[in-house]
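An overview of the molecular structure
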Amino acid sequence: QLSESTVESYISNDVNTGYVPYDNGSKLVSSGIYYNGNVGIGTTSPARALDVNGTGRISSDFEVGASAAVYYMLSVGGFTMSSGASNGYVLTSDAGGTGTWQAASGVPSQAFVAFPDASARTGWTYTGCSEVKVTVADNTWATKASMPTARGLFGIAAVNGKIYAMGGSNAWGSYLATNEEYDPSTDSWTTKTSMPAARYALAAAVVNNKIYAIGGAGHLATNEEYDPSTNTWATKASMPTGRELLAAAAVNNKIYAIGGHDGHSLVSTNEEYDPSTDTWTTKTPMLTARDELAAAAVNNKIYAIGGYGGYTTNEEYDPSTDAWVTVPSMPTARAYLAAAVANGKIYAIGGDYISILSANEEYNPITEIWTVKVSMPTARSRLAAAVVGGKIYAIGGYDGSNYLSTNEEYTNGLAFYWFQKD
């Protein structure tokens, strides 16, 4: 049997890249995924079968997605999933949180599971096995490789385990077209093809593994598509309302460009872009006009947070009903902040309000509760943040005197549980 220290070593070494799992609607697929859309181990794209091999080391990465009522577990042991073993069991839970062992062909008799945080484990019961909890890097920050080009007010997006920082400014009146890729698995940066239109104060969002860089200083309506797989840019249909200091988020393969400044005043504009048709549609405006805000999407709803004109404001938009509602305000008033989603929760990071801030506050859309988390090591505004493998990367920004290349990684609530069949 594996010891707790051995399990902890496996997890610590392997919770890195976190490729997005593939969900084909079933519980067990040949790549080694036992997945319900929320917790997965192993991937099919790219192919990374769960392989413990002869050394007992887990060679596949873990991906922790949004929280959910149902958790499935993938058993692992001292041999590969492809070995064809037929004496294994899978530990699953129903919606009520009762776990039972079920026989499954090709699955060994030990199991790991990841919960978004320790509280998600509460009330979960099991039979026929013993349990060991292993918590890895809970609520901590780590310094990572600096971005090559110091800057702020840039667009950011993550695709296939890599982060792209696009455009921005690093001096008064400067407009950058710089596009740099960060790979968390190697902690390294690579310069990629520059944006066609140099700009800052833009927004970015991802649909079908392509990044859309929208708007920017000068009240631009520019919309450019970047394909990381080919490292190429294409010009797309312009946004109807040119603006800067806006925010954007994607839900169901459509992008929502929200708020900003149109050159005359703060706006509450909300425009939907459909990349499949390259068309824009005007939607219901945000309740509070503002710029310098952040936006994040969770459970097919968008949250517009903070910003000049509504420093603590938090408004929820449901694209399915085209309606906005006010939800609990952010504890710390600020603009020029970043927002990112990890494990089904939103993290509002940095920003400024009278002074430059290092605040890190977590919002749970399900409970509508804000929680103060460990502050970012480097206080800054005009930064951007993206998520890979359940970890948040807070990049760049402005400290009140200089533009920064700082890259700090935040990990919260990766609680892993190891089950051994009795």
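Report on the accompanying structure. (Residues numbered from 1 in each chain as written. Predicted model: local features only at pLDDT ≥ 70, side-chain atom pairs only at ≥ 80, totals over all residues. Heavy atoms only, no water.)

Here's the deal with the pairing of strand β20 (residues 247-251)
Across the five residues of β20, four count as buried, placing the element largely inside the fold. As judged from the five bridges shared by β20 and strand β21 (residues 254-258), these two strands associate in the antiparallel manner. Each bridged residue has a counterpart across the sheet, and for V251 the counterpart in β21 is K254. Hairpin connection between β20 and β21: a loop of two residues separates the two successive antiparallel strands, and N252 in this loop has a positive phi of roughly 50°. (Buried < 20%, exposed > 50% of the residue type's maximum accessible area, 1.4 Å probe, protein only. Helix = DSSP H or I, 4+ residues; strand = E, 2+ residues; numbered from the N terminus. Pairing = 2+ DSSP bridges.)

Observations regarding unusual backbone geometry
Excluding glycine, residues mostly carry a negative phi; peptide bonds, for their part, are mostly trans. Despite not being glycine, N299 shows a phi value in the positive range, around 50°. Relative to the elements of secondary structure, N299 occurs in the loop between β24 (294-298) and β25 (301-305).

Comments concerning the packing of aromatic side chains
Under the counting rule described, the total for this entry stands at 16 aromatic pairs. Seen in terms of ring centroids, Y273 and W280 are 4.9 Å apart; in terms of plane orientation they differ by 35°. Their pairing is tilted. According to the relative accessible area criterion, W280 is buried, its value standing at 14%. One aromatic cluster is present, formed by W141, Y347 and Y410 through successive ring pairs. Sitting over the ring of Y336, R382 keeps its end group 5.1 Å from the ring centre. Seen from the ring of Y398, R382 lies directly overhead, with NZ or CZ sitting 4.4 Å from the centre. (Phe/Tyr/Trp six-rings, centres within 6.5 Å; stacked < 30°, edge-to-face > 60°. Lys NZ or Arg CZ within 6 Å of the ring centre and 35° of its normal.)

Section: the nonpolar core
Grouped together as the largest cluster of nonpolar side chains are 13 residues, with contacts concentrated most on Y303, I305, M330, L337, I346, Y363 and W370. Looking at this core, the elements that each hand over two or more residues are β24, β25 and β29 (345-349). Counting residues per element, this core draws most heavily on β24, which supplies three residues. Contacts of I305, omitting those with residues within four sequence positions, involve R290, L293, A294, T313, N314, M330, L337, I346 and W370. (Core = buried A, V, L, I, M, F, W, Y, C linked by side-chain atoms within 4.5 Å. Contact = heavy atoms within 4.5 Å.)

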